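Structural overview for review
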Number of protein chains: 2
Amino acid sequence: MSVKHSLPGDIERTSLAIIARELAARGIEIPPEHQAVVHRVIHATADFDYAASLRFTPGAAALGAASLAAGGTIVTDTNMALAGVSKPALARLGGAAFCYMADPAVAAAARAAGTTRAVAAMGHAAAAHPGAVFAVGNAPTALFALCDAMERGDFRPALVIGVPVGFVNVVESKERLMEVCQRIGVPAIAAMGRKGGSSVAAAICNALLYTAAGQLDPAARGW
Amino acid sequence: MSVKHSLPGDIERTSLAIIARELAARGIEIPPEHQAVVHRVIHATADFDYAASLRFTPGAAALGAASLAAGGTIVTDTNMALAGVSKPALARLGGAAFCYMADPAVAAAARAAGTTRAVAAMGHAAAAHPGAVFAVGNAPTALFALCDAMERGDFRPALVIGVPVGFVNVVESKERLMEVCQRIGVPAIAAMGRKGGSSVAAAICNALLYTAAGQLDPAARGW
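Residues numbered from 1 in each chain as written. Chains lettered and ligands numbered in written order. Predicted model: local features only at pLDDT ≥ 70, side-chain atom pairs only at ≥ 80, totals over all residues. Heavy atoms only, no water.

Chain A has the name Precorrin-8X methylmutase in an unreviewed UniProt entry, where Candidatus Faecalibacterium gallistercoris is given as its organism. Check the Pathway (unreviewed entry) section of the UniProt entry for chain A; it says "Cofactor biosynthesis; adenosylcobalamin biosynthesis." (UniProt positions renumbered as here; feature names shortened; annotations may be inferred.)

Observations concerning the sheet that holds strand β4 (residues 133-136) of chain B
All names here are of chain B. The mixed open sheet is built from six strands, whose spatial order is β1-β6-β5-β4-β2-β3. Two strands in the sheet have a free side with no partner beyond their single neighbour: β1 (54-56) and β3 (96-98). Within the sheet, the average angular offset between the axes of one strand and its neighbour, ignoring direction, is 15°. Of the pairings in the sheet, the one linking strand β2 (residues 73-76) to β4 comprises three bridges and is parallel in character. Bridge pairing in β4 places Val75 opposite Phe134. Here helix α11 (residues 198-212) sits on the sheet in contact with β1, β2, β4, β5 (159-162) and β6 (188-191), set at roughly 145° to β5. (Pairing = 2+ DSSP bridges. Helix = DSSP H or I, 4+ residues; strand = E, 2+ residues; numbered from the N terminus. Axes fitted to C-alpha atoms, helices over the stretch in contact; angles between N-to-C directions. Contact = heavy atoms within 4.5 Å.)

Some thoughts on helix α10 (residues 170-184) of chain A
Residues and elements named next belong to chain A. Along its 15 residues, α10 runs 21 Å from first to last C-alpha, staying within 8% of the 21 Å computed at 1.5 Å per residue. Buried residues along α10 sit against β1 (54-56), α9 (140-152), β5 (159-162) and β6 (188-191). In the stretch just after α10, Gly185 is the one whose phi turns positive, near 80°. (Expected span 1.5 Å × (residues − 1).)

Notes on the interface of chain B and chain A
Listed by partner, the interface residues are 45 residues for chain B and 45 residues for chain A. Taken together, both faces of the contact between chain B and chain A bury some 3,400 Å²; the carbon and sulfur share is 62%. At the boundary of chain B and chain A, one finds four salt bridges. Salt-bridge contacts for Asp47(A) lead to Lys195(B); the nearest nitrogen and oxygen are separated by 3.8 Å. Elements supplying a minimum of two residues to the side of chain B that touches chain A: α1 (8-25), α2 (32-45), α5 (79-84), α9 (140-152) and α11 of chain B. (Buried area = accessible area lost by both parts, 1.4 Å probe. Salt bridge = Lys/Arg side-chain N within 4 Å of Asp/Glu carboxyl O.)

Re the relation of the copies chain B and chain A
Mapping chain B onto chain A calls for a screw motion: a turn of 180° about the axis and a shift of 0.0 Å along it, with 0.0 Å RMSD after fitting. Both chain copies can therefore be described as sitting about a two-fold axis. Residue Met80(B), judged by its C-alpha, is the member of chain B lying nearest the rotation axis, at 2.6 Å. (Least-squares fit on C-alpha atoms with pLDDT ≥ 70 in both.)

Looking at the pattern of salt bridges
Residues and elements named next belong to chain A. Per the stated rule, a full pass over the model turns up 24 salt bridges over all chains. Its salt-bridge partner being Glu12, residue Arg40 comes within 2.8 Å of it at the nearest N-O pair. Here Glu12 lies in helix α1 (residues 8-25) and Arg40 lies in helix α2 (residues 32-45), a separation of 28 residues in the sequence. By relative accessible area, Arg40 is classed as buried at 9%. Among the salt bridges present, the one from Glu151 reaches Arg176, with a minimum N-O distance of 3.0 Å. (Buried < 20%, exposed > 50% of the residue type's maximum accessible area, 1.4 Å probe, protein only.)

Some thoughts on the confidence of the model for chain A
Of the residues in chain A, 93% have a pLDDT of 70 or more, and the chain-wide mean is 93. Scored by ipTM, the complex comes to 0.93, with pTM at 0.94. (pLDDT = per-residue confidence, 0-100.)

Regarding the environment of Ile28(A)
All names here are of chain A. Here Ile28 shows up in the loop between α1 and α2. Among the residues examined, Ile28 registers a relative accessible area of 29% and is labelled partly exposed. Not counting residues up to four positions away in its chain, the partners in contact with Ile28 are Leu23 and Ala51.

As for the sheet that holds strand β4 (residues 133-136) of chain A
Sheet strands pair via backbone hydrogen bonds, and the direction of the pair is either parallel or antiparallel. Residues and elements named next belong to chain A. Spatially, six strands are ordered β1-β6-β5-β4-β2-β3 in an open sheet, and the strand pairing comes out mixed. What marks the edges here is a single partner per strand, and that holds for β1 and β3 (96-98). Taken pair by pair, the neighbouring strands of this sheet meet at an average axis angle of 15°, ignoring direction. Note: β4 against β5, four bridges, orientation parallel. For Val136, the partnering residue across the bridge sits in β5 and is Gly162. Running over the sheet, helix α11 (residues 198-212) touches β1, β2 (73-76), β4, β5 and β6 and is turned about 145° from β5.

A word on the side chain of Asn206(A)
All names here are of chain A. Topologically, Asn206 is positioned in helix α11. Given a relative accessible area of 8%, Asn206 falls into the buried group. In this structure, Asn206 is in contact with Arg40, Gly84, Val85 and Ser86, ignoring residues within four places of it in sequence.

Re the pairing of β2(A)
Residues and elements named next belong to chain A. Residue alternation in β2 divides its side chains into two sets, Thr73 and Val75 and Ile74 and Thr76, and both sets are buried. Here β2 pairs with β3 via three bridges, running parallel. When the bridges of β3 are listed, Val75 appears paired with Phe98.

Considering the packing of α2(A) against α11(A)
Residues and elements named next belong to chain A. Axis separation between α2 and α11 bottoms out at 8 Å; the angle between their running directions is 140°. The orientation of α2 relative to α11 falls into the category oblique. Where α2 crosses over α11, the two elements pack in a sense that is right-handed. Contacts between α2 and α11 involve Ala36, Val37, Arg40, Val41, Ala44 and Thr45 from the former and Ser199, Val200, Ala203, Ile204, Asn206, Ala207, Leu208, Tyr210 and Thr211 from the latter. Among the residues forming the contact of α2 with α11, the class breakdown is ten nonpolar, four polar and one charged. (Parallel < 35°, antiparallel > 145°, perpendicular 65-115°, else oblique. Left-handed = near helix turned anticlockwise from the far one by under 90°. Nonpolar A, V, L, I, M, F, W, Y, C, P; charged D, E, K, R; others polar.)

Here it is in structure tokens:
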């Protein structure tokens, strides 16, 4: 059965062409500077709702890609998002990715402060990697913690990707992120509304990494 | 800001109550034996389309949970799905989870056979863990490989979770899975159509693990 032996790179190109065609058929125009991110999120979810829900502060995608092209660091809020970030692309750019959710010191700090591990992990990461790209796909509390730190003025990341998923405080966390980032001039990308998740967070990181690395051969991405 | 300090377990209970209420408001009735899986997938995606797209062979959810309650193994097709599977719940049940996508021997086998790593990884896993729960959230080729092995009669897993996402061969892979599994009597759960992904695969595994473990305290799940 020949379908089984299609190469992943061919399938990806075909998939992205289908996505572009279906967006056009729906009359949806994505600004060129947002296409890499929007197309890759739809590729990761098969959900065209993201064409409408993804929001960018001016230049956010280009600024995020530029940070990663310069060997910038990525911090994620879950190990699942971390697992989805392309390590070959990161390695090619001289970058690295971190998640502190499973760090025993973070769990102890959360207990001591009476907060969640997600909040403690972001506090730790903001101190350790103050200029990184921060990608939050799960915990709205992590996004609120980043907003608090940015408003205090002691934290200025290269980009915040705010795509937590869910039903409690999620919508509000993304609205606050965009308001704070627009006001203080930190680049941000968010999926407004309830939808998002670790797959979406990883897809946005990878879109920026691939943009940063030029057109990496898919084989070099570890597919 | 009190929203930041809500406990993850409270948020999860509130979220699942919202999901049940909104399903009722939409006039959607989920059979009781499917609720744990359907509700948790909606929890992981905020996408109510899964209420219609998730399909189960008779007893599939109960049979999958029973396998995991007996210390059964989970095999995933991506490290991202593996990262999303609850390790505390698995440990409590005496089970384990594996993904062979990054295994150097699998990469070598794929090159030697002229196939994809996803197919080679499933071949390796089917031989190493023939009675496991197999969860495929990414590669339709992995699902086709499992179907081939089941049809040859030399492979009879406890359950196949077929939720790859995408635009090429994805719909067909899930239709073939359900046809093969219904015909030969292997339990299967699939998200028909294009949608799915590693988050969905992990959510289904976790729904079965939590069912198997009874009502695990959320703190014991590693949140």
